[in-house]
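A closer look at the structure
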Amino acid sequence: TSDAVTLASDGTCTVKATNNLSNRNLIINGAMQVAQRGTSSTTSNSYVCDRFNLSYNGQDEAPTFTQADVASGTTPYNLGFRKCLKVTNGNQTSGAGTSDYIQLKYVPEAQDIATSGWNYKSASSYVTLSFWIKSSVAQAFTGSIWSRDDTLKNYKFSTPSLSADTWTKVTKTIPGHADLSFHNDNGVGAWIFLYPFIGTGYTTSDSDTETWIAQSSGAYGNDMTSTWWTTNDATFEITGVQLEVGSYATDFEHRTLGDELMRCYRYFYMHASGTNVNQFDENKPIGTAVHYTNTSWFGPIFFPTQMRTHPSLYKSLGTDRLVMYNSDGSQGFNDVALQMNGQNCYMINYYDSLDSDEQAGWVQLNNNDAYLGFDAEL
């Protein structure tokens, strides 16, 4: 709708180009390729596709979150997208309450925004958010971006009214504001929300939409219809999420699975699980351990990349879910605990009543439902 190249009086030119330089997408796992914790969940405040938190409130039946396939023959599929994040609504028999909601939340680090090149203090400097979205119900949806440092601001927006079961690309260009602030640190930089449904207790009219306003618990998003929420087993799908500096959306920056996985490891690392592909074989090894006392064995786990901060354990262990192998034969562990932790390595205390003395060996999972990971999410 405008010239691809414009020439200014001082001789400089501006070029609008697709397939721009790499590393411009500030969103990690925007194509929903990585799902370290598993590909399905009905739990609020959970992750299916890495980095995208899902939560809900006021439900009569829990919704289901899944990493789903993008159907062949659709536009996103033809553009290289193979996975999406899918929400399937439950049966909300009591209707739409004012405090009901279901939300997707993405949290970038403050330093990633601060050093992105966006002059966020200037109203004439922009970032652009784009994504592909599909709903089984024809309606518009709402979302918002919240700054989280110093003066707190909120930028609400709505999607166009979607046709049912049709992928639609949504693009929102967001200006800077004099009150915005993003610290150059590893803390929360922003909250990026998208709501399949949010009740009127958290919304306002769209008279103040697509402008920076003061944050308020009653202004998470714009008023929206409750049709999707009150339709049994309605579905909502999203993929191709991109946030980039500039006033227009370039083609999505497709990254390899290995590249996205390594970026996700900064925030969450699933070291061993019954279904995780990070294992050498079906025995699901965890690491080595050496004897300290008859109730404690210590062993290090080195992370594949430096994590955002000192992580916490993410585990499902218990009786007979771990086993230790050494020259005395196999012996069971029931649990693990932190001994020392850092951003590059975690020293594990494997503990239980053991017979071996002054031994060393390796530890592995002994149950398909067991897992051990490390969480440094924002």
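Because the structure is a prediction, the values reported are computed rather than measured. (Residues numbered from 1 in each chain as written. Predicted model: local features only at pLDDT ≥ 70, side-chain atom pairs only at ≥ 80, totals over all residues. Heavy atoms only, no water.)

1. Some thoughts on the overall build of the chain
Just so we agree on the cut-off: For helices the rule is a DSSP run of H or I covering at least 4 residues; for strands it is a run of E covering at least 2, with both sets numbered from the N terminus onward. As a reference, a globule follows 2.2 Å times the number of residues to the power 0.38, and the radius of gyration itself is taken over C-alpha atoms. Burial classification: accessible surface area is computed with a 1.4 Å probe over protein chains only, and a residue below 20% of its type maximum counts as buried, one above 50% as exposed, and the rest as partly exposed.
Tallying secondary structure elements over the chain gives three helices and 27 strands in all. Over its C-alpha trace the chain gives a radius of gyration of 23 Å, about what one expects of a compact globule, namely 21 Å for 378 residues. Here the C-alpha coordinates of the chain stretch approximately 80 × 60 × 45 Å along the principal axes. Here the chain, with 378 residues, has 49% of them falling under the buried criterion.

2. Focus on the packing of aromatic side chains
Selection criterion: The criterion for an aromatic pair is that two Phe, Tyr or Trp rings (for Trp, the six-membered ring) have centres within 6.5 Å, with stacked assigned to planes under 30 degrees apart, edge-to-face to planes over 60 apart and tilted to the rest. We call a charge positioned above a ring when the Lys NZ or Arg CZ atom is no farther than 6 Å from the ring centre and deviates by at most 35 degrees from the ring normal.
Throughout the structure, instances matching the rule amount to 26 aromatic pairs. Among the aromatic residues, those joined into a cluster by ring pairs are Tyr 101, Trp 146, Trp 191, Phe 193, Tyr 195, Tyr 202 and Tyr 220. Lying across the ring of Phe 268, Arg 37 places its NZ or CZ 3.8 Å from the centre. Its guanidinium or amino end placed over the ring of Tyr 77, Arg 82 lies 3.6 Å from that ring's centre, counting from NZ or CZ.

3. Comments concerning the nonpolar core
This is how the line gets drawn: The term nonpolar core refers to a set of buried residues drawn from Ala, Val, Leu, Ile, Met, Phe, Trp, Tyr and Cys, joined through side-chain atoms within 4.5 Å. Working rule for contacts: check all heavy atoms of both residues, and any pair within 4.5 Å makes them a contact.
Counting 55 residues, the largest nonpolar core has Leu 85, Leu 129, Phe 131 and Trp 228 as the members making the most contacts within it. Once residues within four sequence positions are removed from consideration, Leu 85 is found in contact with Met 32, Val 48, Cys 49, Phe 52, Leu 54, Thr 66, Leu 104, Phe 236, Glu 237 and Ile 238. Within the second largest apolar cluster, 23 residues are counted, among which are Ile 286, Leu 317, Ile 348 and Phe 374.

4. Let's talk about the sheet that holds strand 6 (residues 64-69)
Keep this limit in mind: Only strands joined by at least two bridges in the DSSP assignment are considered to pair.
Strand order across the open sheet formed by six strands is 3-6-7-17-9-12, with antiparallel pairing between neighbours. Every interior strand has two partners, whereas the edge strands, strand 3 (40-41) and strand 12 (168-175), have only one. As defined by bridge partners, strand 9 (residues 126-135) adjoins strand 17 (residues 235-245) across eight bridges and the pair is classed as antiparallel. Its bridge partner being in strand 17, Ser 135 is matched across the sheet by Phe 236.

5. Side note on the pairing of strand 26 (residues 360-365)
Sheet topology places strand 19 (residues 285-293) next to strand 26; five bridges connect them, and they run antiparallel. Bridge pairing links Val 290 to Ala 360 in strand 26. Two elements, strand 22 (residues 322-326) and strand 26, share four bridges in a ladder whose sense is antiparallel. Bridge pairing in strand 26 places Met 324 opposite Val 363.

6. Notes on the side chain of Ser 296
To keep it simple, the criterion reads: What qualifies as a polar contact is a pair of N or O atoms within 3.5 Å, subject to a donor-acceptor requirement within protein and to the restriction that residues adjacent in sequence count only when both atoms come from side chains.
Secondary-structure assignment places Ser 296 in strand 20 (residues 296-302). At a separation of 3.5 Å, a polar atom in the side chain of Ser 296 contacts the side chain of Asn 349. In contact with Ser 296, not counting residues within four places along its chain, are His 291, Asn 349, Tyr 350 and Tyr 351.

7. Some details on the side chain of Thr 203
For Thr 203, the location among the structural elements is in strand 14 (residues 203-204). A polar contact is formed between the side chain of Thr 203 and the side chain of Asp 223, at a distance of 2.5 Å. Setting aside anything within four residues of it in sequence, one finds Thr 203 in contact with Ile 198, Gly 218, Gly 221, Asn 222 and Asp 223.

8. Structural notes on the environment of Asp 60
Its location among the elements puts Asp 60 in the loop between strand 5 (52-57) and strand 6. As a C-alpha pair, Asp 60 and Asn 91 span 31 residues in sequence and 6.5 Å in three-dimensional space. Here Asp 60 is in contact with Asn 91, Gln 92, Thr 93, Ser 94 and Gly 95, once residues within four sequence places are set aside. A distance of 2.7 Å separates polar atoms of two side chains, one belonging to Asp 60 and the other to Ser 94.

9. Topic: the layout of surface pockets
Note the cut-off: A 1.4 Å probe that fits into a set of points on a 1 Å grid over the protein atoms alone but cannot get out defines a cavity; an open set with protein on both sides within 12 Å along at least five of seven lines defines a pocket, and lining residues are those with an atom within 4 Å of a point. Grid points are joined across faces, edges and corners, and a volume is the space filled by probe spheres set on the points.
The calculated volume of the largest pocket comes to roughly 390 Å³. Of all the secondary structure elements, the ones that give two or more residues to the lining of the largest pocket are strand 3, strand 4 (46-47), strand 18 (268-273) and strand 27 (371-375).

10. Considerations on the state of the cysteines
This is how the line gets drawn: In this description, a disulfide is simply a cysteine sulfur pair whose atoms lie within 2.5 Å.
Applying the stated criterion across every chain, the model contains zero disulfides. Cys 84 carries a free sulfur, and the closest cysteine sulfur to it, the one in Cys 49, is 7.7 Å from it. What makes Cys 84 buried here is its relative accessible area of 0%. Between Cys 264, a cysteine without a disulfide, and Cys 49, which holds the nearest cysteine sulfur, the sulfur-to-sulfur distance is 9.5 Å.

11. Re the confidence of the model for the chain
Close inspection of predicted coordinates is inappropriate in any region flagged by low pLDDT. To be explicit about the condition: How sure the predictor is of each residue is captured by pLDDT, a score from 0 to 100.
In this model, the chain carries an average pLDDT of 91, and 93% of its residues clear a pLDDT of 70 or more. Overall, residues 276-280 carries pLDDT values under 50, and its contacts beyond four positions in sequence, including any with other chains, amount to 13 contacts.

12. Some thoughts on the sheet that holds strand 8 (residues 101-106)
Here we have seven strands laid out as an open sheet, ordered 4-5-8-13-10-11-15, and antiparallel in their pairing. Here the strands that pair on one side only, and so sit at the sheet edges, are strand 4 and strand 15 (212-214). In this sheet, strand 11 (residues 153-158) lies alongside strand 10 (residues 142-147) in antiparallel orientation, the contact comprising five bridges. Counterpart to Ser 144 in the pairing with strand 11 is Lys 156.

13. Some thoughts on the environment of Asn 341
For Asn 341, the location among the structural elements is in strand 24 (residues 335-341). Discounting residues that sit within four places of it in the chain, Asn 341 has contacts with His 310, Pro 311 and Tyr 346. Of note is the side chain of Asn 341, whose polar atom sits 2.9 Å from the backbone oxygen of Pro 311.

14. With respect to the pattern of salt bridges
Formally: Salt bridge, as used here, is a side-chain nitrogen of Lys or Arg placed within 4 Å of a carboxyl oxygen of Asp or Glu.
Applying the stated rule across the entire model yields 14 salt bridges. One salt bridge in this structure joins Arg 51 and Glu 377, with 3.1 Å as the shortest N-O distance. Residue Arg 51 is found in the loop between strand 4 and strand 5, and its partner Glu 377 is found in the segment after strand 27; the two are separated by 326 residues along the sequence. This pair shows no difference in class: Arg 51 is buried, exactly as Glu 377 is. The shortest N-O distance in the salt bridge between Arg 266 and Glu 109 comes to 2.7 Å. Of this pair, Arg 266 sits in the loop between helix 3 (257-265) and strand 18 while Glu 109 sits in the loop between strand 8 and helix 2 (110-114); the two residues are 157 residues apart in sequence, bridging distant segments of the chain. The class for Glu 109 is buried, based on a relative accessible area of 1%.

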